[in-house]
Every structure is written in structure tokens, then in C-alpha cells.
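Now for the letters of each chain:
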Amino acid sequence: MSKIPFSRRRFFKVLGTGSLVVAGAPVAASPSGIFSQQQEKPETNISDAAKVPRNANSLPGKYPGKVSRVNHPAAIVDNEIQEEQAYLMLEKAMLDLTGEKKLKRAWRQFVSPGEKIGLKVNPVAGKTLTTSHAVTRSIIRQLEESGIDRGDIIIWDRRLMQLHETGYTEENYPGIKVMGTEQQDDKGSYYDSDGKLYGEKMIDKDWYYMADVEGEYDEYTIPFMVNGGKYSYFSRIVTRELDKIINIPILKNAGATVTNAMKNLAFGSVSNTGRLHARLWHETCAYVCAFAPVRDKLVLNIVDGLKGCFNGGPGANPQFFCNYNTMLVGTDPVAIDRIAHEIVVAKRIEEGIQKADNPRAAAFLDLAESLELGVSRREMIRLSEINLA
């Protein structure tokens, strides 16, 4: 059994720079470290995922292997994402994906009144590179226009503190609940009056991803991991609070690959993730999404590709920010991530960061396809592209 110790110093380093992911994900600069994924793997409980029967909503969803991409060169003006353009891009993508002529009918293919719908945003890089409020508000507007009550929408992520820091508050989104697994109280404490982590109350020990790598965390780091050991427990937000999930990742790199739909959900849905990056980054991205709380509730992926980054991700390194001016929409997170990977790698090649794509950098996509979560092979993906003036 492996042990992955985490100290306050290391945590600051990986959290502040984004290298927590990069350390375990493919990194173009050090090939010997990138593909440590090829070494003997720790045992996991991935076989347990298949024990729960699939249902009509299970991945890859209604449109396996289909990705609708909408580009708009005027989506960003003076470094600000234009909400009306984001709304239009989303509308075009939803109609294209579903083949519907009416937007309400398109949305109602995936959600229904009375369901609790979770919008999984990504605030990890801070205000400068969070899931944009223009995109999130556009999704909420279209949900409401489709008959979804505002009170049935939940904005969520792993860390409530980061949601608040990036403007995802109930004051900014009146009538909508904002939730996170890891929490602080008004005094800045992570512990309640009984000395118990608030995050402990937010994990569901009936659902877990086990990997034979034991995380060890110091006093500072444990509030951000909730628990140590070799079990990563699913958040109660995913297992108990939500009926449907709409995933809203940002188009960012993680070394020579992409951190997008699957990474956003996998590492955002479970606790004790610090131990998983070094040896099980690819596996975790795929395996966590194979468990029923994610597999059977994820109905849409809407990639905020208006602003993103091509290097230094998934943290915020402004010198590597760029305007992709694009949005990807689909039910299949594997196909979505294949196209996202293609976009990011093309930009990295254009910028001279790498010379060519390395197929091993996206090993998680092939793992996900083997678990029947979606389509990884590019020749099997149907990409529809719309260019708005």
C-alpha cells in the first residue's frame, strides 16, 4: 500500500499553482514523470461500479459521441464575457444537439419540473478563471424559461469557500441554493462546536471510491480533504441532494492534456483526492464517473470555452490565458473531453509549448470508453460546428 503524505507547505504549493493536478497529470516538460501512470497500479474498487444497474439516464446519455460546438468571435469584449452572446451560443448549441426547433423542448429532453438540478461549476482557479457568471446565468435563464423553478436549482462544487470567493453566493443568485462539501463557518473555522469538520457531515459513507493509496494530511490540509485513508467518499450533494447534474467546466489544460468535463466531476464529487494525483489521475477521472451517483445523474456537459488557458493549468496563470471564444455542449463527457483536448493541444502547438499531441496524455478517455461512459475514438465522434458572426 502506498502512502501519500501532504503537508501545509506542499498543500499551499499545489493549491496555489494548480500543480496539485499537474503533478499527477501528463506534463509535457518531464516525460519520465508524465507516464508514471504506466507503472503497476494500486488496487481500486472500480468493479463495484458495475454492480448498480444502468438506467435510461446513464452515461453516455441521449447523444453518445455527439458534440455541438458554437464559436463566436464577439463573445468577449474588453476582456468581459458578454452574457447575451453566451446565451445565444448556448441556445444554438442546445438546438443543434437535440434537433429541436424550440429551446424549451430541447431543455425538457434532459430536465423536468420538480427535479433538483445541480450546476457543477469550477471555481478552483479563482476569480480570473472560474466558470463564468455569464454562462451560468445563461443556463439558469434557459432552465427557467423551460419551466424549471429557480428554487430547484443548486450551484455546487467541492469547496463552498471557493464558490463564495468567485461570486457564487446566494446574494448574487437569489432563490438558488449554493452548496459545497468542504465548508467554513462565519468565524473562518472548519470545525463545529463539537470539534467535527463541517465537511464530514457532507460526505456519504455509503458511496465511495477505494484506491489502495493512503492519504496522510497535516492539520492544515485535512479540512480540504475531509478524511485521510484509502477511501474517497462521495459528497452528499451528489448522492442525496440532486436528481440531475449539468456539468459546466472551463476549457483548461493540465500539462499536455485537458482538465475539463470528467476531471471537473470526478475530483469535485469525492473527498480525499490529494492521494490520487500522482499515480491515479487518469483512473480517477474515469472511475469516479462510472459510479451511479455521477453516471446516472449527469445529463449535460456545457463547456465554458469562452476564456481558458493553454498552459499552467488548472491554476490561474494569466500569461497563459486565452480567448477560445467557444462553447461545447453534449451528453457524452468522453466525447466532449476528446474535442476539448484537441482544442487545447492545438493551441499549445501553436504557442510552441509542444510539437505534437501524445496519445498517452489522454489515457483517461480510453479508460472511460472501456467503462462505456462515452466515445473516445475521434473517428467515432460527430462534431457539429456553428460559427456565429
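The structure reproduced in this document is the subject of the present report. If you're wondering where the values come from, they're calculated on a predicted model, not measured in any experiment.

## Observations concerning the pattern of salt bridges
Enumeration according to the criterion identifies 23 salt bridges in this entry. Between D206 and R240 there is a salt bridge, with the nearest N and O atoms lying 3.6 Å from each other. With a gap of 34 residues between them, D206 in strand 8 (residues 203–217) and R240 in helix 9 (residues 236–241) connect regions that are remote in the sequence. By relative accessible area, which is 46% here, R240 ends up partly exposed.

## Let's talk about the nonpolar core
Grouped together as the largest cluster of nonpolar side chains are 56 residues, with contacts concentrated most on W156, Y209, L251, M262, L328, F364 and L373. It is helix 13 (residues 333–350) that provides the largest number of residues to this core, a total of seven residues. Counting residues in each nonpolar core, the second largest holds 44 residues, with Y87, A93, I117 and I248 among its members.

## What about the layout of surface pockets?
Of the voids in this model, the largest pocket is the one considered here, and its volume is about 410 Å³. Every residue lining the largest pocket is counted, 18 residues in all, and those nearest its centre are N79, I81, K127, T128 and K307. Contributions of two or more residues to the lining of the largest pocket are made by strand 4 (80–81), helix 6 (133–145), strand 13 (298–309) and strand 14 (321–330). The residue inventory of the lining of the largest pocket, partitioned by class, reads six nonpolar, seven polar and five charged.

## Some points on the packing of aromatic side chains
Going through the model one piece at a time under the given rule, you end up with 12 aromatic pairs. Between F234 and F291, the aromatic rings sit 5.8 Å apart at their centres with planes inclined by 55 degrees, giving tilted as the arrangement. Here F234 is found in strand 9 (residues 229–235), whereas its partner F291 is found in the loop between helix 11 (277–287) and helix 12 (292–295), with 57 residues between them in sequence. Taken individually, F234 and F291 each receive the classification buried, so the pair is uniform in this respect.

Basis of the calculations
All residue numbers here refer to positions counted from 1 along the written sequence of the relevant chain. Confidence filtering applies because this is a predicted model: local features only for residues at pLDDT of at least 70, side-chain atom pairs given and counted only at 80 or more, and all residues used for totals across whole chains, interfaces and linings. With hydrogens and water excluded, all non-hydrogen atoms of the structure serve as input to the side-chain values. Salt bridge criterion: a side-chain nitrogen from Lys or Arg within 4 Å of a carboxyl oxygen from Asp or Glu. Under the DSSP-based scheme used, a helix requires at least four consecutive residues in state H or I and a strand at least two consecutive residues in state E, with every element numbered from the N terminus. Note on exposure labels: buried denotes an accessible area under 20% of the residue type's maximum, exposed denotes more than 50%, and partly exposed covers the range between, all computed with a 1.4 Å probe on protein chains only. Remark: nonpolar core denotes a set of buried residues (Ala, Val, Leu, Ile, Met, Phe, Trp, Tyr, Cys) joined through side-chain atoms within 4.5 Å. Put simply, the grid is 1 Å and covers the protein atoms alone, a cavity is a trapped set of points that fit a 1.4 Å probe, a pocket is an open set with protein on both sides within 12 Å along at least five of seven lines, and lining residues have an atom within 4 Å of a point. Grid points are joined across faces, edges and corners, and a volume is the space filled by probe spheres set on the points. Gly counts as polar in this scheme, as do all residues outside two lists: the nonpolar Ala, Val, Leu, Ile, Met, Phe, Trp, Tyr, Cys and Pro, and the charged Asp, Glu, Lys and Arg. Pairing of aromatic side chains requires ring centres within 6.5 Å, counting the rings of Phe and Tyr and the six-membered ring of Trp. Pairs whose planes differ by under 30 degrees are stacked, by over 60 edge-to-face, and all others tilted.

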